[in-house]
Structure formats: structure tokens, C-alpha cells
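# Examination of the molecular architecture
What follows is each chain in one-letter form.
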Amino acid sequence: MHIRHVLPVVAVAGALAVVTAAPAQATEYASALKVKGVQYDAPGPDSNRCSGGNTKDEYLTIKNYSRTATVDLKGYVVKDATGNTFTFTATHRLEPGDYVKLRGGRGTNSDAGNVVYRQNCNFVWNNDKDTIYLLKRGGARADVHSYTRSANDRDGNGYITYHG
């Protein structure tokens with residue numbers, strides 16, 4: 001009789017261990033906006049000089065996966081594992097299926113060109129491993145992805161695709 005009671009408890013405990021051990025990228029958040037991909041390693045040797053550097057070649061693509069809702073990025077936050085943070089301070093509306101590339105370096109933001117610049121010439125994404133957080137206004141998670149060069153970038157081109 002005691003054996004029948006022990007087995008369900010062990011099964012439930014094992015299920016809880018599996019759920020809590022799941023990686024961050026396995027969790028789906030209720031958000032139309034998701035990270036489509038990241039160019040975490042800009043082509044060429046890293047140079048964070050504002051003039052002649054290649055931080056603009058490091059970018060994060062955020063896509064609106066909704067079929068009907070337009071989403072304003074104003075107030076959304078992107079950050080990495082160490083706390084480097086970028087907040088969308090201006091209105092930037094993404095129509096259903098639309099995307100924006102958040103680029104490093106300095107430049108002119110463009111709704112028509114689907115680009116926003118961080119206005120900072122430092123690299124954000126580590127070339128070996130990092131975690132990407134996309135946070136809604138108010139701080140709730142919209143999307144999270146952890147990566148390592150060896151596990152997630154099989155072709156070695158410095159780009160990883162998420163959510164297709």
C-alpha cells in the first residue's frame with residue numbers, strides 16, 4: 001500500500017525537476033514581439049570605434065508575430081546577461097509581420113528602413129555566450145534566449161535565428 005503512494009510522489013517530483021531545469025529559451029511568453037535573430041558577432045575583427053568601427057554590424061532583429069495587432073516599441077527594453085540595457089524611448093510601431101533591427105553604433109533611426117540605433121559604439125552581445133532579454137513596458141518578459149557559439153551557431157557565421 002505504501003508503494004502506491006510513493007510512486008506518484010516520485011513522478012510528480014521528477015516532473016517538477018524537469019520543469020524547473022528547462023532552459024530560458026524553452027519558455028514561451030505571451031507577447032507578439034519576439035527575438036527573430038541576433039548577429040552577436042559582427043563580421044571582421046571587433047572594433048568599437050565610433051568612426052570606422054563595426055558595432056553597427058552587430059544587431060538584434062525583433063519581429064511582430066501578431067497577425068492583427070500593431071505594437072509600439074516605446075518603453076520596451078533589451079538587455080544582456082550582464083545588464084547592458086537599451087530602452088526604446090521613441091515611438092516605433094511594428095505592423096503585423098514587421099520587424100526592426102536594433103543596431104550598435106550611431107545612426108539615424110528609420111521606421112521605413114526598419115532600423116533603430118543604440119547610439120552607443122560598444123558591443124553588447126558576447127561572442128562566446130550571452131542571454132538576450134526582451135522586456136515589455138513594465139518589465140514583464142516578452143522573450144528570452146541564451147546562446148553559446150558552440151551550441152547555437154553551427155555554421156560559425158555569428159548569426160543565430162530564433163522563431164524563424
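We now turn to the structure provided with this report.

Conventions adopted
- Residues numbered from 1 in each chain as written.
- Predicted model: local features only at pLDDT ≥ 70, side-chain atom pairs only at ≥ 80, totals over all residues.
- Heavy atoms only, no water.
- Helix = DSSP H or I, 4+ residues; strand = E, 2+ residues; numbered from the N terminus.
- Buried < 20%, exposed > 50% of the residue type's maximum accessible area, 1.4 Å probe, protein only.
- Contact = heavy atoms within 4.5 Å.
- Areas by Shrake-Rupley, 256 points an atom, 1.4 Å probe, with all protein chains shown as cover.
- Core = buried A, V, L, I, M, F, W, Y, C linked by side-chain atoms within 4.5 Å.
- Polar contact = N/O pair within 3.5 Å; in protein donor to acceptor, adjacent residues only side chain to side chain.
- Pairing = 2+ DSSP bridges.
- Axes fitted to C-alpha atoms, helices over the stretch in contact; angles between N-to-C directions.
- Disulfide = S-S within 2.5 Å.

Looking now at the overall build of the protein. Scanning the protein from terminus to terminus reveals 2 helices and 11 strands. From first element to last, N terminus to C terminus, the protein shows the α and β order α-β-β-β-β-β-β-β-β-β-β-α-β. Counting only residues that meet the buried cut, the protein has 37% of its 164 residues in that class. Excluding contacts between residues fewer than 6 apart, the proportion of contacts in the protein whose partners are at least 24 apart in sequence is 57%. Approximately 9,200 Å² of the protein is accessible, and the part contributed by carbon and sulfur atoms is 54%.

This part covers the nonpolar core. Counting 24 residues, the largest nonpolar core has Leu60, Phe88 and Trp125 as its most contacted members. For this core, the element with the most residues is strand 1 (residues 33–39), which contributes 3 residues. Beyond its immediate stretch of four places on either side in the chain, Trp125 contacts Val38, Tyr40, Glu58, Leu60, Val78, Lys79, Asp80, Asp130, Thr131, Ile132 and Tyr147.

Okay, the environment of Asp41 next. Its location among the elements puts Asp41 in the loop between strand 1 and strand 2 (59–64). For Asp41, a relative accessible area of 16% gives the class buried. Along the chain, Asp41 and Asn127 lie 86 residues apart, while their C-alpha atoms are 5.4 Å from each other. The residues contacting Asp41, other than those within four sequence positions of it, are Asp46, Asn127, Arg149, Asn157 and Gly158. Of the polar contacts made by the side chain of Asp41, one reaches the side chain of Asn127; its length is 3.3 Å.

Turning next to the sheet that holds strand 9 (residues 129–135). The strand order across the open sheet built from 4 strands is 5-4-9-10, with neighbouring strands paired in antiparallel fashion. Strands at the two margins of the open sheet, each flanked by one partner only, are strand 5 (85–87) and strand 10 (141–148). Each adjacent strand pair in this sheet contributes to an overall mean axis angle of 10°, direction not counted. Sheet topology places strand 4 (residues 77–79) next to strand 5; 3 bridges connect them, and they run antiparallel. Within the sheet, the bridge partner assigned to Lys79 lies in strand 5 and is Thr85.

With that out of the way, let us pick up the state of the cysteines. In the structure shown here, the tally under the stated rule is 1 disulfide. Through a disulfide, Cys50 is tied to Cys121; the S-S separation comes to 2.1 Å. Every disulfide takes its handedness from the sign of the S-S torsion; for Cys50 and Cys121 that torsion is 115°, giving right-handed. In this pair, Cys50 is assigned in the loop between strand 1 and strand 2 and Cys121 in the loop between strand 8 (115–117) and strand 9, connecting sequence segments 71 residues apart. Looking at Cys121, the relative accessible area reads 6%, which means it is buried.

Here we come to the environment of Phe86. Here Phe86 is to be found in strand 5. Given the relative accessible area of 14%, Phe86 is considered buried. Sequence separation between Phe86 and Tyr117 is 31 residues; the distance between their C-alpha atoms is 9.8 Å. Residues in contact with Phe86, not counting those within four places in the same chain, are Tyr76, Val77, Val78, Leu102, Val116, Tyr117 and Arg118.

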